[in-house]
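Observations on chain architecture
What follows is each chain in one-letter form.
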Amino acid sequence: MLANQNQFYVSPEDYLAGERQSPIKHEYRRGQIYARVGVNKPHVIIASNLGALLGNHLLDNDCLVLNSDIKIRLEEANCYYYPDLVVTSDERDLSSNEDFILYPSLIIEILSPNTAKFDRGGKFADYQTATSLQEYVLVSQSEMSIECFRKNEQGIWISQTYSRGEKVNFASLDFNCQIELIYQKVPGIEGRSKK
């Protein structure tokens, strides 16, 4: 997240109006606008792999798997973010024509050195204000490691980390796959599964 040079307050309405015309994406956090950080090839491959795996898994369900072209509106936190992947099954999101969703059930962020600290800290805190959110997933692009935060019945976020040779589980979607499939074809990470 890179701050813009103008540190004056921008209303959510003005942000949305500007964002609809901007050739580059910006995130919005409590009146401040931040340019999105560019992504590299491993990031794109991981996002594509996850999008395909989740899309196929949810093909016959009333769920949408959306990539980083859609924003999440976090009303309580007064933020708009572009997650790397998000899943919603809420009828209000499914039937809406807005350029954002309000009711994510699973959010996935692919970590980069520039965003990892914020993705784990402030952004995660903001995401937790979405009462529909059940899982928050952080995916490393430098090693085969995925950290999944799940909200338990008491509303407490519990972390589980998956690594090489393990089966990844996103409980909110009843989704399971070998971690190697998520990292398949990522340069520098041996993610190819044996045939």
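In case you missed it, the structure is sitting above this.
A brief structural summary.

Cut-off values and rules
- All residue numbers here refer to positions counted from 1 along the written sequence of the relevant chain.
- Reporting in this predicted model follows two pLDDT cut-offs: at least 70 for local features of residues, and 80 or more for side-chain atom pairs to be given and counted; totals over whole chains, interfaces and linings ignore these cut-offs and use all residues.
- Neither water nor hydrogens contribute to the side-chain values; these are computed over all heavy atoms in the structure.
- A run of H or I in DSSP becomes a helix once it reaches four residues, and a run of E becomes a strand once it reaches two; helices and strands are each numbered from the N terminus.
- When a residue's accessible area, from a 1.4 Å probe over protein chains only, is under 20% of the maximum for its type it is buried; when over 50% it is exposed; and in between it is partly exposed.
- Here the expected span of a helix is defined as 1.5 Å times the quantity of residues minus one.
- As used in this structure description, the phrase polar contact means that two N or O atoms lie within 3.5 Å; if the pair is within protein, one of them must be able to donate a hydrogen and the other to accept it, and residues adjacent in sequence are counted only when both atoms belong to side chains.
- Criterion used throughout: strands pair if DSSP finds at least two bridges between them.
- Fitted lines through C-alpha atoms give the axes, limited to the stretch in contact for helices. The angle between two N-to-C directions lies from 0 to 180 degrees.
- In this analysis, two residues are considered to be in contact whenever any of their non-hydrogen atoms come within 4.5 Å of each other.
- We call a set of buried residues a nonpolar core when its members are Ala, Val, Leu, Ile, Met, Phe, Trp, Tyr or Cys and they connect through side-chain atoms within 4.5 Å of each other.
- In this description, the arc belongs to the directions extending from the helix axis to the C-beta atoms.

Quick look at the side chain of histidine 43
Relative to the helices and strands, histidine 43 resides in helix α2 (residues 41-57). Given a relative accessible area of 7%, histidine 43 falls into the buried group.

Focus: α2
Over its 17 residues, α2 extends 24 Å from the first C-alpha to the last, a length consistent with the 24 Å expected when each residue adds 1.5 Å. Among the residues of α2, those classed as buried are Pro42, His43, Ile45, Ile46, Ala47, Asn49, Leu50, Gly51 and Leu54. Between a side-chain oxygen at the N-terminus of α2 and the backbone nitrogen of histidine 43 the separation is 3.0 Å; the capping residue is asparagine 40.

Notes on the sheet that holds strand β4 (residues 64-67)
Pairing in this open sheet of six strands is mixed, and the strands run β4-β7-β9-β10-β11-β12 from one edge to the other. The open sheet has two edge strands, β4 and β12 (157-163), and neither has a second partner. Adjacent strand axes in the sheet meet at a mean angle of 15 degrees, parallel and antiparallel pairs treated alike. Packed onto the sheet, α2 meets β4, β7 (85-88), β9 (106-110) and β10 (135-139) and runs at close to 160 degrees relative to β9.

Focus on the nonpolar core
Among the nonpolar cores identified, the biggest contains 27 residues, and Ile108, Val139, Phe170 and Tyr183 are the most heavily contacted of them. For this core, the elements supplying multiple residues, two or more each, are α2, β7, β9, β10, β11 (145-151), β13 (167-170), β14 (175-178) and α6 (179-182). By residue number, the principal contributor to this core is α2, which donates five residues. With near-sequence residues (within four places) excluded, isoleucine 108 lies in contact with Leu50, Leu54, Pro83, Asp84, Leu85, Val137, Val139 and Phe170. Membership of the second largest hydrophobic core comes to 20 residues, among which are Cys79, Ile101, Leu111 and Tyr136.

Description of helix α1 (residues 12-19)
Within the span of α1, buried status applies to Pro12, Tyr15, Leu16 and Glu19. For α1, the angular spread of the buried residues around the axis is 95 degrees, confining them to a single face. For α1, the exposed residues lying more than 90 degrees away from the buried face are Glu13 and Asp14. Buried-residue contacts for α1 involve β2 (26-29), β3 (32-35), β5 (71-74), β6 (79-81) and β8 (100-101).

Scope: geometric values only; no functional claims are made or implied.
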